[in-house]
Each structure stands twice: as C-alpha cells, then as structure tokens.
Amino acid sequence: MKFLTSLKITASILLLFSVAATAQKLRVTDLQVEHQVNPLSVVPQIPRMSWKLVSGEKNTFQKSYELRVAHKEGDLGKGKNLVWHTIKPSQQSLLVDYEGPELKPGERYYWQVRVKDNHGNTSDWSNTEYWQMGLESSGWKAKWISVTGPDTALASPLFRKTYRLPKTVAKATAYITARGLYEAYINGKKVGDAYFTPGWTSYKDHLQYQAYDVTPLMKKGANSFAAILADGWYKGRVAFTDRKAFYGDTRALLMQVNIQYTDGTKETLISDGSWKSSYGPLLKSSHYDGEVYDARKEKEGWNTTNYSEDNTWQAVGLQNYGYDNLIGMSGPMVRKQERIKAIKVLKTPQGDVVADFGQNLVGWVEIRTKGPANSKIVLSHTEVLDKAGNFYTENLRSAKQQNTYYLKGNDEQTLSPHFSFQGFRYVKIEGYPQELKPEDLTAVVIHSDMKPSSTFKTSNALLNQLHHNIVWGQKGNFVDVPTDCPQRDERLGWTGDAQAFYYTGAYNMNVSGFFTKWLKDVKADQHKDGSIPFVVPDVLNQGDAGACGWGDVCTIIPWGMYSTYGDKRILETQFSSMKGWVDFISSRSSQHLWNSGSHFGDWLFYRPDDDNDGRAAVTDKYMIAQCFYAHSTQLLVNAAEVLGKKEEQEKYKALLEQIKNAYVKEYLTPNGRLISSTQTAYVLALQFDMLPENLREQAAKRLVQNIRDYGNHLTTGFLGTPYLCHVLSRYGHTNVAYDLLLKESYPSWLYPVKMGATTIWERWDGIKPDGSFQTPVMNSYNHYAYGAIGDWMYKNISGIQAAAPGYKKIVIKPTVGGGLTSAEGSYDSEYGIVRSKWNIEGSKFKLAVTIPPNTTAEIFVPDSRGESYKQFSVNSGEHNFER
C-alpha cells in the first residue's frame, strides 16, 4: 500500500480527539473456530481460533493471550483437567493454531481466552464456546438407505424408524447427509433450521454431512427418526438442457445419532435395513420448475411416535456407497433470513391476479389459504412485468418457477415449498379460493447464512439504491454456491462472475466460510491439465474449461481471502491449484503469449444496436487473456512469497517478466497505443501493470478520452468493469470515476436504478429506454457481476481499505467528488468494526473514524474540494478530524 506523503497545504487543520464518557472495560468477544461459531464438524486436525477485543481506551493492543481448552465445560471454568493451556506474548488474535494433544474425531472441546493489553489491563475470561471435531470414515456406522428397487418416482420418498431409549439423554449429535436433498425430523420436529442440505459440492469428489446438536429433541422412551428426500442437484435437472441424474440416479439417506446418557454410557442409532419407506404429498420437486404438493396425500403424524400406519410402508433398500468421500461442513448453511409482505395485489391487462413484493428476491412464497378439497392453487414467479403491465416469463427460458398446491379440505393451511426456491418480485396466483389480499402472502428470503459485515450511505439517494441493489444481488445469488442468476434454467457457479465480484461480496458480508467451502470444489473440479471449468461445481461438458477471466478464479479468490481475512492456510490449501492454472496457461502459450483457446472475452460489453460506425467496444480476446495470464502469475508469486516457497517465487517472477514483455511486443505500438483502443483494454493493461512505467500516464489519458468520447459512459463488460474506476482513481482521475458512477443514462450503473431495478441486471440495458426487453434468451434481472463497482464505492467514498491482511493495518482515505456532501460506512473486520463518516459543511471537511483495538491506521483527510490530503497515523479508538 502506498501512502501519500504529507502535503503542503494552506488550510488550517484541527485534529480533535473524542473522549468517551466512561471507559469500557477490556473484554474479548466474537470467538470463532475456522471462521465459524461453535462448529460441530471441524475438518482440519489443527483448528484455528479467533477473537476480537473491545476496549474503552484508545491506542489499545493485545500484549498477550491465555487460551484454555477442556473436554467438559465445568472443568474449563475451574481451570482443571485441561486438554490444553497456553500463555503467549503476542498480538495475534486471528486464526491462532491449536497446539495441544491430538484431537479425537467426534469429540467436543470447550475453550476460553483472556488477554492483557498494553495499558496493563487484563480482561475477564471470555464466554465459553466450543467446537466439535468431525467424524472420520471409521466413525460412521449408519447404512445408506433408499427406496427398494429403481428410484424412478418423481415423488419424494419418506423414511422413518422408531427407537426406544432406556435412559435420559445427556448429549446427542446427529450426523446426516444424502444423495439428493434431505429434511430430517426427530419426534416430529425438524432437525436444524437449514435448507437444501447437504448442499451442492463436487459430489464426485466430496459430499458434505451436517452435524446437529439434537439433545433437546431426544427423550427417554420412544423416539421417532424420519426424513424426506428430493432430487436436488444430485439427481434433478441441472444446467441448460433437460439433463438429469448428472451425479447419480438413486436418492439415498445416511443418518446417525451418537448419544451419551446421563450415566456416561453411550449408544449409536443409525439408518439401516430396519427403516421403512413410503411416498407422501410432495409429488414433484425441482430447483428450476418448482414443486407439486398434494395435501390430500399427507400422512398426518408420519414423523412422530404416534404414527401407527407404517405397517403398510415398504422395506428400504441398502446402498453400498461407503464413507470415504464424506466431509464436514466448512461453510454456512442456507437459512431463512427475512420475511416480506406483498405490497399490493393487482390485476394485469390480461386479467391475471399478481402480487407485487416490491423487491426482486430469492426464496419462496408462503400462502395462507383454506378451501374445498381438490382446490388447485398455482403460484408462478417472475422478476418483471412487461411494458403493458402483463406477467412476463420469457426470460426464464425453460424454467417453470411454479409451485402447485392441492388443498385437502376447508381447514386453513400455510403452504410453501420444501426443496425449491424461486427468483422473483411478482407472483401470479391462479385458483385461489377466496379474494386474495396482500396479507395472505409472505415472501421468505433465503441465502447462505453469512453475517452482514458493512454499512454504506451517502447524500445521493440513487447511489444508496445502487448499494441496496448490489447487496440484494448478492443475497439472491449466494445460495450455497455463487450462482450467476437465481431464476432461469441456469443457476450455476460461474467462475468469472465470482472472481469479478469477490471483493465487493467480501465487503458486504462475511464470506470466509462460504468461499472456503466453494474453493474446495474449484480445486476438486480442476481438470488434470490444470484448466478450470466455466462453472463450479462442474456440470457442463469436458471442453467447457480454460477461459481467461473465468479460470483465474482459482488465483484471485484465494488471494482475496488472504487479503480480507488474513487466512494463510487458504493459500496453502489452494497453492497447487493456483500453480496448476498458471502452468496450464503456459502450456497453451507460444513464446509466452496466450493466444489460443476459446474465451468469453469482456462478456456483455457495450454493443449498441445497428452498430454501423464501430461504436461497439470490442476488445481482442487474446489481449485480455494475456493480461489475466500476468495477473494470475503475479498472484502466484505473491502466494509463494507468503508461504516461503522461494524457488517457485523466483521461477514465476521471471515468467511474469516474460509475459509482460510479450504483451508489449504484441499489443502495444511504439507510441503507447493499444491495438484495441477500448476502455477494457486500457483498464486491464493499467490495473495489471502490463505497460512500461513511462507509458502508463498517457495510457490513462487515452482511457479518459475514450470515456469522454462516449459521453461519460462506460463500455466495459464483466472483465473490465470491476477495475474501471479503480484505475481512474489510481492515475489521478477520480473526477472521471465519479462522472461514470453518477451517469444516469444507458450504459451506466444508475440507468437500471432509474428504471426501477432493485437488484443488479445481467445487461446494462435489460430493460431498454422504451420499456422493451433485451434478448430474452439471456436477460436476467438478478446478476451480481456489474455490482463489482461496490468495491470502489466502499474504498473510495467511505474510504475504508485494508493495508495489511485481515485489516491488521487500515487505511481510511475518502475521496471528494460527484457533488456528494456526506457519506458514511462501516466494515466489521477480523479485528472489529472500522467506521468512517464524513460531511462537508461550507468550506470544511469533517471526518469521524473508529479504529478497532489491536490495529493501526493511516488516515488521509482531504480538503472540501478534494485537492489535497493531510495524513495522520492513529491507533484504536474514535478520532475526529476537521479541515
């Protein structure tokens, strides 16, 4: 990170220090193990522990920490029978390695920490937290069960078994997974609150299991275990075609409950051949097409001990799938996040009854109704109404996005899907037996359970709405994997979209666990030659791999994880994948030029209709490929340096120089003009330092002139857009970055906002100025890639930036421009919350910042015109500046 030296300024500068009314006691909060709170299936043998400090005193640093770990919570509090105890003089509070005796599979460990600071204060012991080690293959006793015979029914199978427990349960952990999706029950209550378990992974390599503390669900005497399965990604329809059973053709359940009784004895209950199976009311389930649910076929009490009709159920089949590919969860599960009521019910010109939820979202609709038996209610979902105000589904392609319910009688019911989700703002309702009112419908928003980590607000309402749209685009597409879109017949983990959006996504939410999980799939699905598939998990064809800007996900996100969360282990884990990708490119290159292969290029760049004068911003694909070749090589060099791999560091550093020399020779004229004079061409060349230093300033001016030639409009696509404003700011053209950001006409970030968007569109003109739509075969209204501008907004408007991995060192450097008179933002870093709030009052610029304990910061305070900065070095606490 380069810092501005102190500038000669004429304005007087007043540094104000705020004084807390009462000093807050030093304490330790936010204990985590492997980025998770109280995880129950920790995979690595050396777990890492993290915590944060809270202090009312300024300039607070951790001087030492004391950790203790025990098998029993009571022993921990007494400081007796400890498994591990250590005291270390260290500032480290992030990802501290466990260094005690070998940990046992399936065992729970309780832990606490207390710290001393540089002021001589000692905190109390933290709250007691725990982690539980995952199971090894030898720890599984359960059997894989399925329906008997070929699994050809569309309906979801039910499974059940009743056990009698002779004693009172002290502790019970359920371990569950499935081939397909599952919902499990104990004594009629759902196990956990997650959906779409066991999640989508590269099933051919590894399958996740979930661990649940089910002690509260267990009782002495009779206990009913039950589950329902669905096709999901495993057996259901995936990708663009009607491809089914990509991973397997048989749904199967694996369920094991390890019990410890109050007298210390243990017992293991398992799924096995004694279970029974039947079919119930869920007649069909598909991610793309929705569900068909027939309440008339409900088996009341089927998942409880009171059910006595399972004598008519069938015996289960046994499958010999084994346990070798099973791994514990390393990321967040998908959960319900919020509930939104319909804002109105309307009738379209074509006579359809449609509910408007006011927000393009992902989840499902709960409908409350009662009606005569055999009543059929159909809910269809879409994102937009057409120009005339009619229900529009053409852009969904073959995805039906439709839930159908058959009522069982006049009793009031609340209906919603079990294993399907939809992307929508509008819902068409057919067959509703009464007058439909907004309060009869509730949208349930779902996404992976990632903690929000930032706030952002400015004096510009359109920018605030853009930020809102960026966040909601992430919510809708971070459903277990980072999908491109959540509504049409796609919903795949496109690697190009994920890498473009990573830094914005990591600012909005804590994605540490989310991407730790997904990067395992990236590595697992990487081809033997080192190429990375277009989508992960990979469900496309063998040749659908190796594109620049898409495959680079395997270098960009691991480095991003290290930068954001200080996670060195992710670099260790992914290093071979990073190296394999760079070596793949080298193997396809000639004289260090990557000028072969199939590439998407700057996907969805500006392409105006009837382009007769070359206005389309076409950037040479191989020129783009060379830039990303250099970028991935640079990130590999960086990772090798962090990991102490000196030989690889020197090898790839030399390669990088050759890559850049080849770029200059092939794509740059002697006068500094690129062969593709597009915004993306100059942006990538400058972002990745492809040009000789003496030619960079003039290249930046060419970029600015190109933007001016397009009337201050951007022309970039998926690969150029994330870096566009960053490059402008880096080379002193922040005013141009603001001009682009605040442009309201097409193509721009604010054009969709002005057109009523509540999420980010796939295309700059998904809805054209005349109200017509872009080509329906590829026109999503919830696509997060162009939301990558959020990274620039956060780092430059609120000004919060990381200057060292994990925000151990912080920079706050807000920029003035765009007519903004105020802005504020916060980021919940690995050390605590960083805040920046500024406003302009007359000729004065006022800035208030908060820096968390155990970190340092460089604060750059601009004048009210943004013409100069004054730099201050501060430690933790609240600080006020006026200039």
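Being a predicted model, the structure only gives us computed values, none of them experimental. (Residues numbered from 1 in each chain as written. Predicted model: local features only at pLDDT ≥ 70, side-chain atom pairs only at ≥ 80, totals over all residues. Heavy atoms only, no water.)

Turning our attention to the nonpolar core. Counting residues in hydrophobic clusters, the biggest one holds 209 residues, and the most contacted among them are F357, L466 and I859. Per-element accounting of this core gives the leading share, 13 residues, to helix α8 (residues 621–643). Within the second largest apolar cluster, 31 residues are counted, among which are V191, V214, Y261 and W275. (Core = buried A, V, L, I, M, F, W, Y, C linked by side-chain atoms within 4.5 Å. Buried < 20%, exposed > 50% of the residue type's maximum accessible area, 1.4 Å probe, protein only. Helix = DSSP H or I, 4+ residues; strand = E, 2+ residues; numbered from the N terminus.)

Residue placement: L217 occurs in the loop between β15 (207–213) and β16 (221–230). Separated by 29 residues in the primary sequence, L217 and G188 have C-alpha atoms spaced 9.1 Å apart. When neighbours within four sequence positions are excluded, L217 is seen to be in contact with I186, N187, K189, K190, V191 and N223. (Contact = heavy atoms within 4.5 Å.)

This paragraph deals with the layout of surface pockets. Volume-wise, the second largest pocket comes out at about 850 Å³. Taken together, 40 residues form the lining of the second largest pocket, with H35, Q36, V37, P332 and R335 sitting closest to its centre. Looking at the lining of the second largest pocket, the elements that each hand over two or more residues are β2 (27–33), β3 (48–54), β15 and α5 (512–525). A breakdown of the residues in the lining of the second largest pocket according to their chemical character gives 17 nonpolar, 14 polar and nine charged. (1 Å grid on protein atoms, 1.4 Å probe; cavity = no way out; pocket = protein on both sides within 12 Å on 5 of 7 lines; lining within 4 Å. Points joined across faces, edges and corners; volume = space filled by probe spheres on them. Nonpolar A, V, L, I, M, F, W, Y, C, P; charged D, E, K, R; others polar.)

This paragraph deals with the packing of aromatic side chains. Counted under the stated rule, the structure contains 61 aromatic pairs. With centroids separated by 5.7 Å and ring planes inclined at 70°, the aromatic side chains of Y203 and Y234 adopt a geometry described as edge-to-face. Taken together, the residues span a long stretch of sequence, with Y203 in the loop between β14 (194–195) and β15 and Y234 in helix α2 (residues 232–235) at a distance of 31 residues. The exposure class of Y234 is buried, given its relative accessible area of 5%. Judged by centre distance (4.7 Å) and plane angle (35°), the ring pair of Y807 and Y827 falls under tilted. Of the two residues, Y807 is situated in the loop between β36 (800–802) and β37 (809–812) and Y827 in strand β38 (residues 822–829); the sequence distance between them amounts to 20 residues. We classify Y807 as buried; its relative accessible area is 5%. For Y827, a relative accessible area of 2% translates into the label buried. One aromatic cluster in this structure is built from Y392, Y606, Y710, Y746, Y751, W761, F773 and Y781. Between the NZ or CZ atom of R68 and the centre of the ring of W125, over which it lies, the distance is 3.8 Å. Lying across the ring of W144, R179 places its NZ or CZ 5.3 Å from the centre. (Phe/Tyr/Trp six-rings, centres within 6.5 Å; stacked < 30°, edge-to-face > 60°. Lys NZ or Arg CZ within 6 Å of the ring centre and 35° of its normal.)

Taken in spatial order, the three strands line up as β2-β3-β6 in an open sheet, and their pairing is antiparallel. On the outer flanks of this sheet lie β2 and β6 (96–97), each paired with one strand and no other. As judged from the five bridges shared by β2 and β3, these two strands associate in the antiparallel manner. Looking at β3, one finds that V28 is bridged to L53. (Pairing = 2+ DSSP bridges.)

A few words on the pattern of salt bridges. Here the idea is simple: oppositely charged side chains can pair when their charged atoms come close. Counted under the stated rule, the structure contains 44 salt bridges. Between K52 and D828 there is a salt bridge, with its nearest N and O atoms 2.8 Å apart. With K52 in strand β3 and D828 in strand β38, this pair connects stretches of sequence that are 776 residues apart. With relative accessibility at 15%, the residue D828 sits in the buried group. Residues D97 and R569 are paired through a salt bridge, measuring 3.8 Å at the closest nitrogen-oxygen approach. On the criterion of sequence distance, the pair formed by D97 in strand β6 and R569 in helix α7 (residues 568–587) is long-range, its members being 472 residues apart. (Salt bridge = Lys/Arg side-chain N within 4 Å of Asp/Glu carboxyl O.)

Glancing now at the side chain of Q801. Mapped onto the elements, Q801 comes out in strand β36. Overall, the relative accessible area of 14% leaves Q801 in the buried class. In terms of polar contacts, Q801 uses its side chain to reach the backbone carbonyl oxygen of K795, at 3.0 Å. (Polar contact = N/O pair within 3.5 Å; in protein donor to acceptor, adjacent residues only side chain to side chain.)

This model, assessed by the stated rule, comprises five cavities of 30 Å³ or more. Its volume calculated, the largest cavity comes out at about 80 Å³. For the lining of the largest cavity, the elements supplying multiple residues, two or more each, are α3 (461–477) and α14 (750–754). Partitioned by chemical class, the residues of the lining of the largest cavity number nine nonpolar, three polar and one charged.

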